[in-house]
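One letter stands for each residue in the lines below.
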Amino acid sequence: MQKKFALIGIPILLAFLIIAATGNMEFLPDLNKETQTVSDVQSQSISEASQIAEAGEQPVREYTLIIEQTDIQVSDTAVWHAWTYNGTVPAPTLMVNQGELLRVKVINNHNLTHSFHAHMSDYDPKHDGSPVNIITGVGAGSMIPPGGEWTYEYNVVNEGATFFHDHAGSEGLGIKDHILQGLYGNIIIERSSPSPAIDRHIPIIMAEMGHDVEKIAEGPRPYYIMNGKGMPGGEKALEEIFAEKGLDGVVSQFNYTLPVYKAKVGETVEFHVTNLGDQIHSFHLHGNKMISSSNSIGSTITSQTFPLVQGTLESFVIKPDKPAIWLFHCHVVSHADAGMIGLFIVEE
Ligand SMILES: [Cu+2]
C-alpha cells in the first residue's frame, strides 16, 4: 500500500499542483512577501540596512550586522537556537556594485567570540576575521569578543556572487560548529551591464543544521537545510501531508519547512547556490534550462545538476517558459529525504 502510494503519490501531487498553477493560483500565499529574493532584500537594504556614502572618489556601501542568538521554530518538532547575523539564517543578502568599497560593521551581542569572514579578493589583512589576525596581532579585533564590534572593509573587484561566514571557534566547538549554527550569508555583486538583464536573484545556501536544536515534540526534525529550511522526511513527508490535509497542508509548509521561490514566465532568473555545510551537496532543478553564470560562464548545465564541494558556489541563469511548480533538491538524495527539498513556482 505504501509502495503503491509512493508510486502514484508524487505524480498526483505534482499534477494537482500544476493544474492549480496553470489555472487559479489564488491558493498560493503572496510569495512576494514571504520569499526573500534579492530584489526584496535590495529595496530593504538600500532604504534600511545599507547606506551609500562618498569617501573621496570611491562610493562606499555600508551595512550593519548584529550577531545574536535567535530561536527559530524549524518544524513542528524542533526549535533551533541559532546564531545569526541580524536574526535570520542565512543573514540578509548584502548587495553591492563593482568598484564600491563594501563596509560592514559587525556588532557581537552573543556570549562567544565570532567574526565576519568574506570570500572576497581585495582587502587589508586586518579585515580577514580569522584566527591569523590574533596570531599576527594585525586586526586582532576582527575576531570580535562578546560585546565588541569591528568594521570590515573590502574593495569590490569581483563580480557575480560570493558569501561570508563566521571564522571563529570556541572551547569545545570548531569553526564548523560556528558556521553550521547559522552564521553565514551571501554577497551579490551587481554587474554594471549584465547580459541578459537579471529580473530576479535567488540565493540559496545549502548546509546542515547546527548543534543547538531543542526537541519540542516527537518526530523527525530537519537536518539538511537550504536557506535554513528543511522538510523532515523530504518529498515522501510532503506526500503524506497532502494525503492527510490536502493542498492547504502543503501550502502551510511554504517558507516554514519548505523553501519556496517564485518567478514569472519570461523573466530572467539567476540562482546563486552555495554549499556552506561540512558535507558535499549537489543541486538539481527540475525542468528549466540552466546556463552557468559563474564557474563556466555561458555553458549549459546539461544534467540539470551540479556538484558543490564545501565552501563553493555556482550561479546559473534560467528563463522559465511555462507556468509550473518545479522541485529543486540536493541530489545526494539521502539529503533530500532528510529535508533538502524546495519548490520553484513559475506564474503567468
Ligand atoms: Cu546534500
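The structure displayed is predicted, hence computed values, not measured ones. (Residues numbered from 1 in each chain as written. Predicted model: local features only at pLDDT ≥ 70, side-chain atom pairs only at ≥ 80, totals over all residues.)

Caption draft 1: Examining the nonpolar core more closely. Ranked by size, the top nonpolar core spans 76 residues in total, and within it Leu65, Val106, Tyr184, Ile187, Met206 and Met340 carry the most contacts. Here this core gathers at least three residues from each of two domains, domain 1 (2–34 + 201–347) and domain 2 (38–193). Among residues more than four places away in sequence, those in contact with Tyr184 are Pro90, Ala91, Phe163, Phe164, His165, Ile179, Ile205 and Leu276. (Core = buried A, V, L, I, M, F, W, Y, C linked by C-beta atoms within 7 Å. Buried ≥ 20, exposed ≤ 12 C-beta atoms within 10 Å, placed from the backbone. Domains from an automatic or database assignment. Contact = placed C-beta atoms within 7 Å.)

Caption draft 2: Molecular detail of the sheet that holds strand 12 (residues 224–226). The strand order 12-10-14-18-16 describes an open sheet built from five strands, whose pairing is mixed. Edge positions in the sheet fall to strand 12 and strand 16 (291–292), since each has one partner strand and no second. Bridge count between strand 16 and strand 18 (residues 312–318): two bridges; the pairing is antiparallel. Along strand 18, the bridge assignment pairs Ser292 with Phe316. (Pairing = 2+ DSSP bridges. Helix = DSSP H or I, 4+ residues; strand = E, 2+ residues; numbered from the N terminus.)

Caption draft 3: View of the pairing of strand 15 (residues 281–285). For strand 15, the buried fraction is high: four of the five residues fall into the buried class. When strand 15 meets strand 17 (residues 305–308), the two strands line up antiparallel, connected through four bridges. The partner of Phe283 across the bridge, within strand 17, is Phe306. Relative to strand 19 (residues 324–330), strand 15 runs antiparallel, the two sharing three bridges.

Caption draft 4: Highlighting the sheet that holds strand 4 (residues 94–97). Strand order in the open sheet formed by four strands is 4-9-8-6, and the pairing between neighbours is mixed. Single-partner strands in this sheet number two, and they are strand 4 and strand 6 (117–118). Across six bridges, the pairing between strand 8 (residues 160–165) and strand 9 (residues 184–190) is antiparallel. Each residue of the ladder has a partner; that of His165, found in strand 9, is Tyr184.

Caption draft 5: Summary view of unusual backbone geometry. With an omega of -5°, the peptide bond between Val89 and Pro90 qualifies as cis. Here Pro90 lies in the loop between strand 3 (78–85) and strand 4. If you check the backbone angles, Asn86 has positive phi at about 60° while not being a glycine. Mapping Asn86 onto the fold places it in the loop between strand 3 and strand 4. On the basis of neighbour count, Asn86 is assigned to the partly exposed category, with 16 C-beta atoms found within 10 Å. In this structure, Asn227 is a non-glycine residue whose phi angle is positive, near 50°. Looking at the element boundaries, Asn227 is found in the loop between strand 12 and helix 6 (234–251). Asn227 sits in the buried class, given 21 other C-beta atoms within 10 Å.

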